[in-house]
Amino acid sequence: MTRRTWGRGLLKGLAVTWRNLTHRSVTAHYPDVEPELPPRSRGVIALQEENCTSCMLCARECPSWCITIDSHKEIIPATTEGGRDRSQNVLDRFDIDYSICMYCSICVEVCPFDALHWSPEFAYAEGDLKDLTHDMNRLRTWMDSVPPPQPLDPGAEQGKELDTYRASLPQEDA
Amino acid sequence: MSELLDTLLRCLLVLVAFLTLPLLVGQMEHKTMAHMQSRVGPMAAGGFHGWAQLVADGIKFVQKESITPVAADRRVFELAPVVALVPYLVAMLAIPLGPFFGQGNLIGQDLDLGLFFVLAAMSVGVLGTLMGGLGSGNKYSYIGGMRVAAQLMSYELPMVLTAASVAMAAGTLSLVGIADAWEPWWLLVQLPGLVVFFVAGLAELQRPPFDAPLADAELVMGPLTEYGGMRFAMFLLAEYAGIVVLAALTTVLFLGGWAGPWSDQLGWVWSLLKIALVSFLVIWARVAYPRLREDQVNALAWKVLVPVALAQLLITTLVVIA
């Protein structure tokens, strides 16, 4: 046990504040200067609705149940005579309630068709709780701010699809 | 006739100092605190470095309504800001700034009992917050007022004791006399007294870390809860005027007043510099230290400051006799 010198804390307090006074501050000047966010920051979820098949995976996996999806089926008539009609899901409603979203990113990861993306936009506070529910159109507009995917790290494992594809190629050196 | 003119001019100068110096201290507090806490809020108003922050504050205070609660003791409630503010103006009258280009001393009125007068006036200033606390008709203000009273009683004693020690060393109660008698080695002998005087003065002004009476967490500004608009602004101005008076008094008593190079010509500049330095210390202490609990406030006064002040008195006595 070391005995503390009396008054050391008092001097320390003065020293810390003095250092702050004489050094440049590190405060972020946010409204004037936009922050530089890391490329994978989670601001808001953007929806690319052309990719969505209304498979409901995201809505089912969402831990806080903040995603609401409605869709209907449309029949696409057969193009060739005697062919079979095909059906397609058409999205009617895709809402994300950001008042209960916990930004866990499960929906984005689970989406099989890359319809959901993280956008770094974070400034969408509202005066009314109800306005935090973003509908399909609003979610679509966030797509504009989604950055292009990051290049892989040098030396990183390639994508699974690529590996499978390469493995399927006829071996040249054998 | 010229004597009357002289007196009027001196009064006017004191009034000007009373209206500008506290604002300067306020501006310094805004900027220093902002830098020390890495905040950008006080740097926004106006253009360069947020120079217009005080102007914005003033406009804000003028716009707001001055409400008197129904339960309040009307007279006491409305008089309290005045009682808090005016004594500091009175105290400033008797504090010397030093020679003005060799033209005699820059002081409102040189009193034989200057030190006694200033200390008495400062104590009246604290009475203003006490009146606010007891007259507001609000239990939180009442508790705040009670805390002010306890703090006032505790810290008056060490403050007066250390001031008395300096007066004893100088052999006079006149502030001009004390500053004239000051010698550099007093800095060492009177150092405990200087610290005690400064700390006790901070507590008298209810400045952090001694702002338990205001305690915005549990008492919501204590005695000042019910005050709004200009009345609140007057309390605020009183606080800053208090800082100026405390700094000036510390300067005159312990730091040699206008002593410095070319002090016959530029004495008042040295005085102002020292006042600014002590005011900066007041602000620095506010940023650096957390608020003391109510029992800690009184324990510090009675268990530390009073014994140190008495010891200081003893030392001074020995030095004077020897």
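Residues numbered from 1 in each chain as written. Chains lettered and ligands numbered in written order. Predicted model: local features only at pLDDT ≥ 70, side-chain atom pairs only at ≥ 80, totals over all residues. Heavy atoms only, no water.

The next point concerns the interface of chain A and chain B. The extent of an interface is frequently quoted as the accessible surface area lost upon association of the parts. Counting residues at the interface gives 11 residues for chain A, matched by 11 residues for chain B. Both faces combined, the contact of chain A with chain B buries some 1000 Å², and carbon together with sulfur accounts for 70% of it. Taken as a group, A:Leu14, A:Thr17 and A:Leu21 account for 45% of the area that chain A buries against chain B, more than any other trio of residues on that side. For the interface between chain A and chain B, the tally reads five residue pairs in polar contact (both at pLDDT 80 or more). The class makeup of the residues in the side of chain A that touches chain B is five nonpolar, six polar and no charged. (Contact = heavy atoms within 4.5 Å. Buried area = accessible area lost by both parts, 1.4 Å probe. Polar contact = N/O pair within 3.5 Å; in protein donor to acceptor, adjacent residues only side chain to side chain. Nonpolar A, V, L, I, M, F, W, Y, C, P; charged D, E, K, R; others polar.)

Take the pattern of salt bridges next. A full pass over the atoms with the stated rule returns 14 salt bridges over all chains. Close ionic contact of A:Arg93 with A:Asp70 constitutes a salt bridge, the shortest N to O distance being 3.6 Å. Of this pair, A:Arg93 sits in strand E3 (residues 86-97) while A:Asp70 sits in strand E2 (residues 67-76), and the two are 23 residues apart along the sequence. Here A:Arg138 makes a salt bridge to A:Glu126, at a shortest N to O gap of 3.4 Å. With a gap of 12 residues between them, A:Arg138 in helix H4 (residues 136-141) and A:Glu126 in the loop between strand E4 (116-119) and strand E5 (133-134) connect regions that are remote in the sequence. Under the relative-accessibility criterion, A:Arg138 is labelled partly exposed at 28%. Here the salt bridges share partners, and the residues they tie into one network are B:Glu29, B:Arg207, B:Glu239 and B:Arg286. (Salt bridge = Lys/Arg side-chain N within 4 Å of Asp/Glu carboxyl O. Helix = DSSP H or I, 4+ residues; strand = E, 2+ residues; numbered from the N terminus. Buried < 20%, exposed > 50% of the residue type's maximum accessible area, 1.4 Å probe, protein only.)

Residue and element names in this part refer to chain A. One can find serine 105 in the loop between E3 and helix H3 (106-110). On the basis of relative accessibility, which here comes to 6%, the residue serine 105 falls in the buried class. A polar side-chain atom of serine 105 sits 2.7 Å from a polar atom in the side chain of tryptophan 118. Once residues within four sequence positions are removed from consideration, serine 105 is found in contact with Arg42 and Trp118.

All names here are of chain B. Following the sequence through the fold, threonine 250 ends up in helix H9 (residues 229-254). Take threonine 250: its relative accessible area is 1%, and that puts it in the buried class. The contact partners of threonine 250, leaving out residues within four places of it in the chain, are Leu194, Phe197, Leu255 and Val278.

A separate point is the pairing of E3(A). Residue and element names in this part refer to chain A. Bridge count for E2 against E3 is 10 bridges, and the pairing is antiparallel. Looking at E3, one finds that histidine 72 is bridged to valine 90. As judged from the two bridges shared by E3 and E5, these two strands associate in the antiparallel manner. Bridge pairing in E5 links aspartate 97 to threonine 133. (Pairing = 2+ DSSP bridges.)

Here the focus is the UniProt feature "transmembrane region" (unreviewed entry) in chain B. All names here are of chain B. Under the present numbering, the feature "transmembrane region" (unreviewed entry) in UniProt falls on residues 7-26, 79-101, 113-134, 155-179, 185-203, 232-256, 268-288 and 300-321. Secondary structure content for residues 79-101 is 65% helix and 0% strand, while the C-alpha to C-alpha distance between its ends is 40 Å. Taken end to end, residues 300-321 has its terminal C-alpha atoms 30 Å apart, with 100% of it in helix and 0% in strand. (UniProt positions renumbered as here; feature names shortened; annotations may be inferred.)

Right, let's get into helix H1 (residues 2-36) of chain B. Taking 1.5 Å of rise per residue, the 35 residues of H1(B) would be expected to cover 51 Å, and the 49 Å separating its terminal C-alpha atoms lies within 8% of that figure. Within the sequence span of H1(B), burial applies to B:Val14, B:Phe18, B:Pro22, B:Val25, B:Gly26, B:Glu29, B:Lys31, B:Thr32, B:Met33, B:Ala34 and B:Met36. (Expected span 1.5 Å × (residues − 1).)

Here we come to the sheet that holds E3(A). Ordered in space as E2-E3-E5 (chain A), the three strands form an open sheet in which the pairing is antiparallel. Edge positions in the sheet fall to E2 and E5 of chain A, since each of these pairs with one other strand and no more.

All names here are of chain A. As annotated by UniProt and renumbered to match this structure, "binding site: [4Fe-4S] cluster 1" (unreviewed entry) occupies Cys52, Cys55, Cys58 and Cys111. Taken along the chain, the residues just named run across 60 residues; in space they keep tight, none of their C-alpha pairs more than 10.4 Å apart. On the basis of relative accessible area, cysteine 52 is assigned to the buried category, the value being 17%. With sequence-adjacent residues up to four places away left out, cysteine 52 is seen in contact with Leu91 and Ala115. Given the relative accessible area of 8%, cysteine 58 is considered buried. If we skip the residues at most four places from it in the chain, cysteine 58 touches Ile67, Ile69, Phe94, Cys107, Val110 and Leu116.

Moving on, we come to the packing of helix H4 (residues 114-135) of chain B against helix H5 (residues 139-170) of chain B. Residue and element names in this part refer to chain B. In contact at an axis separation of 8 Å, H4 and H5 are set at 175° when each is read in the N-to-C sense. What the angle tells us is that H4 and H5 run roughly antiparallel. Contacts from Leu115, Leu119, Met122, Ser123, Val126, Thr129, Leu130, Gly133 and Leu134 of H4 reach H5 at Ser141, Tyr142, Gly145, Val148, Ala149, Leu152, Glu156, Met159, Val160, Ala163 and Ala167. Each residue belonging to the contact of H4 with H5 can be placed in one class, and the counts come to 14 nonpolar, five polar and one charged. (Axes fitted to C-alpha atoms, helices over the stretch in contact; angles between N-to-C directions. Parallel < 35°, antiparallel > 145°, perpendicular 65-115°, else oblique.)

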